[in-house]
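Structural features, examined
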Amino acid sequence: MLLGLINYVRGNVRVEIQGAAIERFLNLCAQNQIAFWDVRRVAPDRVQATVRISGFRQLRHFTRRMMCHVHIIGKQGVPFQAHKLMPRVALWGGALAAVALLCAASQFVWTIDISNCDHTLQAEALRLTEEAGLRPGVLRSQVDSNAIKNYVMMHSDRFSFLAVNVKGSRAEIVAQGRDPTPELVPVDQPCDIIADKTGVIADMQVKAGLGMKKVGETVVAGDMLVSGTIVSAQQQTYLVHAMADIELRTWHDIKRVMPTRLESKVPTGRQKTRYSLVVGGRRFSLSFIESEPFACYDKFVEKKPLKLGEDTTLPAALVVERYVEYAPEEFFVTEEVCRRVLEERLQDTLAQRLPDAQVVQTQFLCEYGQPFAVAKLTAECREKTGILKEVSGVTPQTSEDTP
């Protein structure tokens, strides 16, 4: 196949050779590096063969010596097709115009990608970079990466790093979000420690301040655990920065529901494909199939941007829509499978909700039924508790530390 393509690009001629010494004529041509292929004898004194254009031009030097005649049967290849198209000025003008348009289109930015950025910040990064001048259709020479970076960093405090790289007609935004800074009470500022969750105090070590609860007591979110206000025997009030290590025993209930009657998809093997060309926001259909090709089907869409190389993207894309037919089939999930799946999912949910908690023990219950199974996971944990709250409304008589 590759050799045939090469011969088509070079161009070849199908000839008929007639004479009394055809074999000697072919041997003489072979000695002079003239190659024939697809040789067929159509009569005792006639042979048809294919030869390249360069070889055909040399045949006249040997036809007289061997008393043979060569007639052209057909011509094929790129040189002959190009020769036919030479007088068509409009065609060549359109081709040159298309090349010029492609070269001009490659000078614009058509694709903007963003990476290394949390999905919650992508919209803000794209909005700010667009305000700074980076948008599809802008000239590459007008994209100032440093100016865009400075604009984004000045108008948002949610980014710790941002860079804009322009490669061909594609611009890549590399951004990284800033970790939120927790609100801390300065060490030299008086504060209380407040419970941020409900549970039973399992361990409590007060380093500064006055403990308001004891080990074994139940607290709810908002209760004061350690007070930063201390009243001495002389009725003098001291304000300190409360510090303590406090652990609670907490209990958490997590529920989950799972359907036990499901519907599976069994492929039938039939599928249809629709091709479309998207240019400048307009869509042109390249194939004609009905909008609903099957009663039950899955639709898979793949969009392939048209490129002139790795980094030069054109403002056009080929959309491939594949419709795969399936037959619905109902089946039931067994109780054993339900229990195993639900327990795994509840354990994963517990780990995601309480990443820093120490799980002491868990209890799993599952009620299997139709059409749903309900599961419940009760977990006993040990968790750190305590948030700082500034002391207000008290005027101390002295600012010295507690003796």
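Residues numbered from 1 in each chain as written. Predicted model: local features only at pLDDT ≥ 70, side-chain atom pairs only at ≥ 80, totals over all residues. Heavy atoms only, no water.

Tallying secondary structure elements over the protein gives 9 helices and 24 strands in all. The C-alpha radius of gyration computed for the protein amounts to 41 Å, which surpasses the reference 22 Å derived for 403 residues by more than 25%, pointing to a less compact arrangement than a globule. Considering only C-alpha atoms, the protein reaches an extent of 140 × 60 × 45 Å along its principal axes. Split into buried and exposed, the 403 residues of the protein put 32% on the buried side. In the protein, the proportion of contacts linking residues at least 24 apart, taken out of those at least 6 apart, comes to 67%. Counting every atom, the protein has about 26000 Å² of accessible surface; 52% of that belongs to carbon and sulfur. (Helix = DSSP H or I, 4+ residues; strand = E, 2+ residues; numbered from the N terminus. Rg over C-alpha atoms; globule rule 2.2 N^0.38 Å. Buried < 20%, exposed > 50% of the residue type's maximum accessible area, 1.4 Å probe, protein only. Contact = heavy atoms within 4.5 Å. Areas by Shrake-Rupley, 256 points an atom, 1.4 Å probe, with all protein chains shown as cover.)

This part takes up the layout of surface pockets. Space inside the largest pocket adds up to approximately 170 Å³. Lining the largest pocket, in full, are Trp110, Thr111, Pro136, Lys303, Pro305, Thr313, Leu314, Pro315, Ala316 and Ala317. The biggest single contributor to the lining of the largest pocket is strand E21 (residues 313-332), with 5 residues. When grouped by side-chain class, the residues that make up the lining of the largest pocket number 7 nonpolar, 2 polar and 1 charged. (1 Å grid on protein atoms, 1.4 Å probe; cavity = no way out; pocket = protein on both sides within 12 Å on 5 of 7 lines; lining within 4 Å. Points joined across faces, edges and corners; volume = space filled by probe spheres on them. Nonpolar A, V, L, I, M, F, W, Y, C, P; charged D, E, K, R; others polar.)

If you walk through the whole model with that rule in mind, you get 18 salt bridges. The partner of arginine 170 in a salt bridge is aspartate 113, and the shortest N-O contact between them spans 3.5 Å. With arginine 170 in strand E9 (residues 170-177) and aspartate 113 in strand E6 (residues 111-115), the pair connects residues that are 57 residues apart, well separated along the chain. Aspartate 113 sits in the partly exposed class, given a relative accessible area of 30%. (Salt bridge = Lys/Arg side-chain N within 4 Å of Asp/Glu carboxyl O.)

Ordered by their spatial adjacency, 3 strands build an open sheet running E6-E9-E8, and the pairing between neighbours is mixed. Taken across any chain shown, the strands that pair with only one partner, and hence form the sheet edges, are E6 and strand E8 (159-167). Neighbouring strand axes in the sheet, compared pairwise and without regard to direction, differ in orientation by 15° on average. Note that E8 and E9 share 8 bridges and pair antiparallel. Counterpart to alanine 163 in the pairing with E9 is valine 174. (Pairing = 2+ DSSP bridges. Axes fitted to C-alpha atoms, helices over the stretch in contact; angles between N-to-C directions.)

Both strand E22 (residues 358-368) and strand E23 (residues 372-384) contribute to a ladder of 10 bridges, which runs antiparallel. The residue of E23 that forms the bridge with glutamate 367 is valine 374. Between the end of E22 and the start of E23, which pair antiparallel, lie 3 residues.

What follows covers the pairing of E21. Both strand E18 (residues 261-279) and E21 contribute to a ladder of 16 bridges, which runs antiparallel. Note that in E21 the partner of leucine 262 across the bridge is phenylalanine 331.

Pairing in this open sheet of 4 strands is antiparallel, and the strands run E2-E3-E1-E4 from one edge to the other. Across the chains shown, the open sheet's two edge strands, defined by having one partner strand only, are strand E2 (36-43) and strand E4 (68-76). Neighbour-to-neighbour, the strand axes of the sheet open up by a mean angle of 25°, direction not taken into account. Across 8 bridges, the pairing between strand E1 (residues 12-19) and E4 is antiparallel. What sits directly across from valine 15, in E4, is isoleucine 72.

Examined against the element boundaries, leucine 128 turns out to sit in helix H7 (residues 119-131). Overall, the relative accessible area of 2% leaves leucine 128 in the buried class. Between the alpha carbons of leucine 128 and histidine 241 there is a distance of 42 Å; along the sequence they are 113 residues apart. The residues touching leucine 128, leaving out its near neighbours within four places in the chain, are Tyr151, Val152, His155, Ser156 and Phe159.

This part takes up the packing of aromatic side chains. Taken as a whole, this structure holds 2 aromatic pairs when the rule is applied. Their ring planes at 40° and their centres at 5.8 Å tell us that phenylalanine 108 and tryptophan 110 sit as a pair that is tilted. When its relative accessible area of 26% is taken as the criterion, phenylalanine 108 is described as partly exposed. Residue classification places tryptophan 110 among the partly exposed positions, given a relative accessible area of 28%. (Phe/Tyr/Trp six-rings, centres within 6.5 Å; stacked < 30°, edge-to-face > 60°.)

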